[in-house]
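Breakdown of the fold
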Amino acid sequence: MRILYLLFAVLFLLFQAAPGSADPIFADTAECRSQGNFCRAGACPPTFTVSGSCHGGLLKCCSK
């Protein structure tokens, strides 16, 4: 059973995200988020409108 704790610790260290690793890599995503908007795969929520694209055109940029 001790091996499970060791395995869990090793897996945790392997898959630990470094700070800043979630930064957007697409220019359109960076532009969308810099304006205070967010990206979404489906339709924007009812009070938001589509103001562009994210992730190379795969997602929609939703703004208030």
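Residues numbered from 1 in each chain as written. Predicted model: local features only at pLDDT ≥ 70, side-chain atom pairs only at ≥ 80, totals over all residues. Heavy atoms only, no water.

An unreviewed UniProt entry annotates the chain as GLL10 protein of Psophia crepitans. Heading Sequence similarities (unreviewed entry) of the UniProt record for the chain holds this comment: "Belongs to the beta-defensin family." (UniProt positions renumbered as here; feature names shortened; annotations may be inferred.)

A word on the environment of S53. Within the element layout of this structure, S53 appears in strand β2 (residues 49–54). For S53 and C39, which are 14 residues apart along the polypeptide, the C-alpha to C-alpha distance reads 7.7 Å. (Helix = DSSP H or I, 4+ residues; strand = E, 2+ residues; numbered from the N terminus.)

Attention shifts here to the pairing of strand β3 (residues 59–63). In terms of strand pairing, strand β1 (residues 38–40) meets β3 through three bridges, oriented antiparallel. When the bridges of β3 are listed, F38 appears paired with C62. Pairing geometry for β2 and β3, over five bridges, is antiparallel. Of the residues in β3, the one forming a bridge with V50 is C62. Hairpin geometry of β2 and β3 is characterised by an intervening segment of four residues between the two adjacent antiparallel strands and by a positive phi of about 50° at H55. (Pairing = 2+ DSSP bridges.)

With that settled, the discussion passes to the side chain of N37. Here N37 is to be found in the loop between α2 (27–34) and β1. The exposure class assigned to N37 is buried, which follows from its relative accessible area of 15%. At a separation of 3.5 Å, a polar atom in the side chain of N37 contacts the side chain of Q35. Leaving out residues up to four positions away in the same chain, N37 has contacts with C32, S51, C61, C62 and S63. (Buried < 20%, exposed > 50% of the residue type's maximum accessible area, 1.4 Å probe, protein only. Polar contact = N/O pair within 3.5 Å; in protein donor to acceptor, adjacent residues only side chain to side chain. Contact = heavy atoms within 4.5 Å.)

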